[in-house]
Amino acid sequence: MISRRTMLAAPVLGVAAATAALVGVQDGVLPGRAAMHRALGWTGADGRIPDIATGPIVSGSFVSKARGGVRTGWSLIRPPHVTGKLPLVVTLHGRGGDHTTFIDQLGGPQFLAQAVARGVTPYAIASVDGGESYWHPHHGEDAGAMVTDELLPLLAGHGVDTGTLGFHGWSMGGYGALRLAGLLGHKRVRGVAVASPAVWVDSSGVSPAGFSSAAEYDTYSVFHRQRDLTGIPVRVDIGREDPFYVAIRRYVAGFPASAHVRSTFTEGAHEAGYWRRMLPAELAFLGSTLAG
């Protein structure tokens, strides 16, 4: 039974919910909304980490000048039973993550092993700490420059070809992967695959964690810079229950007709279960681009 008081309070509660939703969209997360839609079966099945033996993982850290002297962790994942120099994919984490998130929460080593077992061209995957600066110059650090100027030279001594690159990322890291792929260009980057990239149409609703001003947004936004990815195969996946869904539909539509872009708009929310579900297809896509 619903009381009269509850019914009268409903419009007020609706305004409060709308306000909370707006704040959630600005930060790219709506945990309450996602939980409700998951319960209703609107977000699709969670991806499951494969039960498969993984290859070697090497981890380390360095003091990053680009990040203002922050000690920065990294990991390099190789597929099992593969020797020799491998092409490299750099995966960029979302806000609140670090270089271990791809390994521990998304099951990256297992999904890579599964991909290669299914015939995908072997490659290595590097993950790295990027803080919360959205992989561009922000609040005194530049995690994007850390990747291009510090991480890649460091990894060159670990049996990978840093001249043959792919980029991967989700949420904040999806934005970062699109930005860095465009920055380095098609002569070096063979492909980029992203899930739920944190991309806004304009500066009016951006997360203050990522952009301090409209001028900063205009300088580092990828929304109107699709041509920076000319010659690079691109894959973009986003769920229909994701707060970035509308912006990403418009972003994908903004590519030139000649661009090599693959996109999916399926059931899914802005959460790890969706990112795990899409990871096999994204890793296969990157393998196809690295194969030549």
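Treat the numbers as computed from the prediction; the structure is a model and nothing was measured.

Participant: Explain the pattern of salt bridges here, please?
Facilitator: Where charged atoms of side chains with opposite charge meet at close range, the side chains can pair. On inspection of all chains with the given rule, the structure shows three salt bridges. When the shortest N-O distance is used, the salt bridge between Arg 95 and Glu 132 registers 3.3 Å. You can see Arg 95 sitting in the loop between strand S3 (86-92) and helix H3 (101-104) and its partner Glu 132 sitting in the loop between strand S4 (124-128) and strand S5 (137-138), a full 37 residues away along the chain. By relative accessible area, which is 38% here, Arg 95 ends up partly exposed. Classification of Glu 132 by relative accessible area gives partly exposed; the value is 38%. One salt bridge in this structure joins Asp 237 and Arg 235, with 2.9 Å as the shortest N-O distance. Comparing Asp 237 with Arg 235, the two get one shared label, buried.

Participant: Sorry, what's going on with the environment of Thr 148 here?
Facilitator: Position of Thr 148 relative to the elements: it lies in helix H5 (residues 143-155). In this structure the C-alpha to C-alpha distance between Thr 148 and Leu 180, which are 32 residues apart in sequence, comes to 8.1 Å. Every residue in contact with Thr 148, bar those within four places of it in the chain, is listed here: Pro 153, Leu 180 and Leu 184.

Participant: Help me understand helix H9 (residues 272-290) in this model?
Facilitator: One full turn of an α-helix is made of 3.6 residues, so residues set three or four places apart face in the same direction. In this model, H9 (19 residues) spans 25 Å end to end at C-alpha, consistent with the 27 Å of a helix rising 1.5 Å per residue. Maximum bend of H9: about 40°, positioned at Leu 279, with proline Pro 280 one to four residues after it. Within two residues after H9, Gly 292 carries a phi angle of roughly 120°, on the positive side.

Participant: Help me understand unusual backbone geometry in this model?
Facilitator: The phi angle of most residues is negative, glycine excepted, and most peptide bonds adopt the trans form. Its identity is not glycine, yet His 139 carries a phi of approximately 55°, on the positive side. The class for His 139 is exposed, based on a relative accessible area of 63%. With phi around 50°, Ser 196 is a residue other than glycine that occupies positive phi space. Position of Ser 196 relative to the elements: it lies in the loop between strand S8 (189-195) and helix H7 (214-220). Residue class for Ser 196 comes out buried when judged on its relative accessible area of 0%.

Participant: Quick question: what am I supposed to make of the side chain of Ser 127 here?
Facilitator: Examined against the element boundaries, Ser 127 turns out to sit in strand S4. Residue Ser 127 is classed as buried on the basis of its relative accessible area of 2%.

Participant: Can you help me understand the packing of aromatic side chains in this one?
Facilitator: Aromatic ring pairs are described here by two measures, namely the spacing of the ring centres and the angle between the planes. As enumerated under the stated definition, the model contains 12 aromatic pairs in all. Ring geometry for Tyr 134 and Phe 211: centres 6.1 Å apart, planes at 50°, overall tilted. Here Phe 211 lies in the loop between S8 and H7 and Tyr 134 lies in the loop between S4 and S5, a separation of 77 residues in the sequence. With 6.0 Å between their ring centres and 85° between their planes, Tyr 245 and Phe 265 make a pair best called edge-to-face. Here Tyr 245 is found in helix H8 (residues 245-253), whereas its partner Phe 265 is found in strand S10 (residues 261-266), with 20 residues between them in sequence. Feature note: the residues Tyr 134, Tyr 175, Trp 200, Phe 211, Tyr 217 and Phe 244 constitute an aromatic cluster, connected by ring pairs.

Participant: I would appreciate a short explanation of the pairing of strand S9 (residues 234-239) in the present structure.
Facilitator: The two faces of the sheet receive side chains in turn, since in a regular strand these alternate between them. Buried residues dominate S9, accounting for six of its six residues. Residue alternation in S9 divides its side chains into two sets, Val 234, Val 236 and Ile 238 and Arg 235, Asp 237 and Gly 239, and both sets are buried. Relative to S9, S8 runs parallel, the two being bridged by four bridges. Looking at the pairing, Val 194 lines up with Val 236 of S9.

Basis of the calculations
- Residues numbered from 1 in each chain as written.
- Predicted model: local features only at pLDDT ≥ 70, side-chain atom pairs only at ≥ 80, totals over all residues.
- Heavy atoms only, no water.
- Salt bridge = Lys/Arg side-chain N within 4 Å of Asp/Glu carboxyl O.
- Helix = DSSP H or I, 4+ residues; strand = E, 2+ residues; numbered from the N terminus.
- Buried < 20%, exposed > 50% of the residue type's maximum accessible area, 1.4 Å probe, protein only.
- Contact = heavy atoms within 4.5 Å.
- Expected span 1.5 Å × (residues − 1).
- Bend = angle between axes of the 7 residues up to and from the residue.
- Phe/Tyr/Trp six-rings, centres within 6.5 Å; stacked < 30°, edge-to-face > 60°.
- Pairing = 2+ DSSP bridges.

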